[in-house]
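The chain contents come next:
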Amino acid sequence: MQGKVKIIECPRDAMQGIKTFIPTEKKVRYIQSLLGCGFDTIDFGSFVSPKAIPQMVDTAEVLSHLELSKTQSKLLAIVANVRGARDASQFEEICYLGYPFSISENFQMRNTHKTIAESVETLREILAIAKVTGKEVVTYISMGFGNPYGDPWNVDIVGEWTEKLAAMGVNTLSLSDTVGSSTPENISYLFSRLIPAYPEIEFGAHLHTTPKKWHEKIDAAYNAGCRRFDGAVQGFGGCPMAKDELTGNMPTEKMLSYFTSEKVETGVNWMVFEAAFNKATELFANYQ
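Peer 1: For this particular structure, what's the right way to read the pairing of strand β7 (residues 172-176)?
Peer 2: Regular strands place their side chains on alternate faces of the sheet. Within β7, 5 of the 5 residues are buried, leaving the element largely enclosed by the surrounding structure. Both faces of β7 are covered, namely the face carrying Thr172, Ser174 and Ser176 and the face carrying Leu173 and Leu175. Pairing of strand β6 (residues 136-142) with β7 involves 3 bridges; the strand directions are parallel. Each residue of the ladder has a partner; that of tyrosine 140, found in β7, is serine 174. Between the parallel elements β6 and β7, the chain passes through helix α7 (residues 155-168) in a crossover that is right-handed. With 5 bridges joining them, β7 and strand β8 (residues 202-206) adopt parallel strand pairing. Along β8, the bridge assignment pairs serine 174 with glycine 204.

Peer 1: What's the story with unusual backbone geometry in this structure? I'm lost.
Peer 2: Both trends apply: most residues other than glycine have a negative phi, and most peptide bonds are in trans. In this model, methionine 143 sits at a positive phi of 60°, which is unusual for a non-glycine residue. Looking at methionine 143, the relative accessible area reads 1%, which means it is buried. Phi at glutamine 234 takes a positive value of approximately 65°, unusual for a residue other than glycine. Residue placement: glutamine 234 occurs in the loop between β10 (228-231) and β11 (248-249). By relative accessible area, which is 26% here, glutamine 234 ends up partly exposed.

Peer 1: Before we go on, may I ask you to explain empty space enclosed by the protein in this structure?
Peer 2: Summary: where empty space remains is shown by rolling a probe the size of a single water molecule over the atoms. Per the stated rule, a full pass over the model turns up 1 cavity of 30 Å³ or more. Space inside the largest cavity adds up to approximately 40 Å³. Looking at the largest cavity, the residues that line it are Arg12, Met15, Lys27, Ile31, Phe44, Gly45, Met56, Asp58, Thr59 and Val62. Secondary-structure elements contributing two or more residues to the lining of the largest cavity are α1 (11-15), α2 (24-35), β3 (41-47) and α3 (59-65). Grouping the constituent residues of the lining of the largest cavity by class yields 5 nonpolar, 2 polar and 3 charged.

Peer 1: Would you take a moment to explain the pairing of β3 for this structure?
Peer 2: Most of β3 is tucked away, with 7 of its 7 residues classed as buried. Here 2 bridges tie strand β2 (residues 6-9) to β3, and the two strands are oriented parallel to one another. Across the sheet, glutamate 9 pairs through a bridge with isoleucine 42, a residue of β3. Regarding the hand of the β-α-β motif, the stretch spanning β3, α3 and strand β4 (residues 74-79) is right-handed.

Peer 1: Please explain the packing of aromatic side chains as it appears in this structure.
Peer 2: In this description, a pair of aromatic rings is defined by centroid distance and the angle of the planes. Tallying each qualifying case throughout the model produces 12 aromatic pairs. Ring geometry for phenylalanine 101 versus tryptophan 161: centroids 5.1 Å apart, planes at 65°, classification edge-to-face. Taken as a pair, phenylalanine 101 in strand β5 (residues 94-102) and tryptophan 161 in helix α7 lie far apart in primary sequence, 60 residues in all. The buried category is assigned to phenylalanine 101, whose relative accessible area is 0%. On the basis of relative accessibility, which here comes to 14%, the residue tryptophan 161 falls in the buried class. Three or more aromatic residues joined by ring pairs make a cluster, and in this case those are Phe39, Trp270, Phe273 and Phe277. Over the aromatic face of tryptophan 161 sits the side chain of lysine 164, whose NZ or CZ is 4.3 Å from the ring centroid. Residue placement shows arginine 228 over the ring face of tyrosine 96; its charged tip is 5.8 Å from the ring centre.

Peer 1: What should I look at first to understand the environment of threonine 172 in this one?
Peer 2: Within the fold, threonine 172 resides in strand β7. If we ignore the near neighbours within four places in the chain, the residues touching threonine 172 are Val137, Val138, Thr139, Glu202 and Arg228.

Peer 1: For this particular structure, what's the right way to read α7?
Peer 2: Since the α-helix advances by 3.6 residues per turn, residues separated by three or four positions end up pointing in the same direction. Helix length check: α7, at 14 residues, gives a terminal C-alpha distance of 20 Å against a target of 20 Å (1.5 Å per residue), a fit within 8%. Listed as buried for α7 are Val155, Ile157, Val158, Gly159, Trp161, Thr162, Leu165, Ala166 and Met168. Contact partners of the buried residues in α7: β5, α6 (116-133), β6, β7, α8 (184-197) and β8.

Peer 1: Just checking my understanding: could you explain the nonpolar core for this structure?
Peer 2: The biggest cluster of nonpolar side chains holds 87 residues, and the ones touching the most others in it are Phe44, Leu66, Phe191, Phe229, Phe259 and Phe284. Leaving out residues up to four positions away in the same chain, phenylalanine 259 has contacts with Val5, Ile7, Ile218, Tyr222, Phe229, Val264 and Thr266. Membership of the second largest hydrophobic core comes to 5 residues, among which are Leu76, Ile78, Tyr96 and Val138.

Peer 1: Is there a simple way to explain the side chain of glutamate 9 in this structure?
Peer 2: Structurally, glutamate 9 can be placed in strand β2. No salt bridge is formed by the buried glutamate 9. Its closest oppositely charged neighbour is arginine 12, at 10 Å. If sequence neighbours within four positions are ignored, glutamate 9 has contacts with Tyr30, Leu34, Phe39, Thr41, Ile42, Asp43, Gly231, Ala232, Val233 and Thr252.

Rules used throughout
Note on numbering: residues in each chain are counted from 1, in written sequence order. Side-chain atom pairs in this predicted model are given and counted only at pLDDT of 80 or more, local residue features only at pLDDT of at least 70, and totals for whole chains, interfaces and linings cover all residues. Computation of side-chain values: all heavy atoms of the structure, hydrogens and water removed. To sort residues, take the accessible area from a 1.4 Å probe on protein chains only and compare it with the maximum for the residue type: under 20% means buried, over 50% means exposed, and anything in between is partly exposed. The secondary structure listing takes helices from DSSP runs of H or I that are at least 4 residues long and strands from runs of E that are at least 2 residues long, numbered from the N terminus. In this scheme, strands are said to pair when DSSP sees at least two bridges between them. Call a crossover right-handed when, viewed with both strands pointing away from you, the route from the first strand across the helix to the second goes clockwise. Throughout, the protein atoms alone are placed on a 1 Å grid, and a set of points is a cavity if a 1.4 Å probe fits but cannot get out or a pocket if it is open with protein on both sides within 12 Å along at least five of seven lines; lining residues have an atom within 4 Å of a point. Grid points are joined across faces, edges and corners, and a volume is the space filled by probe spheres set on the points. Here the term charged refers only to Asp, Glu, Lys and Arg, the term nonpolar to Ala, Val, Leu, Ile, Met, Phe, Trp, Tyr, Cys and Pro, and the term polar to all other amino acids, Gly among them. Two rings from Phe, Tyr or Trp (for Trp, the six-membered ring) form a pair when their centres are within 6.5 Å of each other. A pair whose planes differ by under 30 degrees is stacked, one over 60 is edge-to-face, and the rest are tilted. Either the NZ atom of lysine or the CZ atom of arginine qualifies as a charge over a ring when it sits within 6 Å of the ring centre and within 35 degrees of the ring normal. Two residues qualify as a contact provided that any one of their heavy atoms is within 4.5 Å of a heavy atom in the partner residue. By this rule, a helix spans an expected 1.5 Å times one less than how many residues it contains. Each nonpolar core is a collection of buried residues, namely Ala, Val, Leu, Ile, Met, Phe, Trp, Tyr and Cys, held together in the definition by side-chain atoms within 4.5 Å. Asp and Glu are treated as the negative residues and Lys and Arg as the positive ones, with His and the ends of the chain left uncounted. We define a salt bridge as a contact between a side-chain nitrogen of Lys or Arg and a carboxyl oxygen of Asp or Glu at a distance within 4 Å.

By themselves, these are just geometric observations and shouldn't be taken as functional.
Given below as structure tokens:
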């Protein structure tokens, strides 16, 4: 093998935009199948307002039914504010708090009802909570690869925010392609520029894609030095505000095939993953 990458599987992202409520026991069954695959991390739920994301109202209940004694995968929960961070931090089983920090003022207001300045202070408090409770924070730079809302965006702005977040003590930073605007060129440029400049930060890629462009995006990120990748089985989910209905999450099975062909270790057992893949087909066919 030529190296190793971390694969973060995101059933939370796949499910959260589905309007029909998925019964808790079905969520548990699906996430349990993913826990056996060998993923580094499972982004399994979120502690956010049920008014904002009704599908995730049962995250704590889902967690209470997961069998974690035989998995090496760590659990990540998304939080959007200090209350959510406090709630998530009560659970010993959760290792990571994920915070979506948008460098688009418009999207930050849509997503968390806060300005960027207010979100900076929220992130400071979340980092402090995590330090006290023994959690780690994964900060997502939403709109990391472009902005459809008219806010200023360029690679220098992403770099400036990375510098500010590094100074705050952020040590895991995932660039998020919220509406599918990433290109191989800006993926390659950003990661090849940022990763050497901030060796203390683990950079990740949360990419959205159309079916024909997944390979060029993964290839660009990997060859630019990224070793942490988010995905969702079969590409389910993605940003509900994406203008292109074909834009979804990066399909996990495509990433796995890419890394297998490149002889890169993922830690994922293909046989177990195939069973989880089939469970995804069954689950999402009934809830769309």
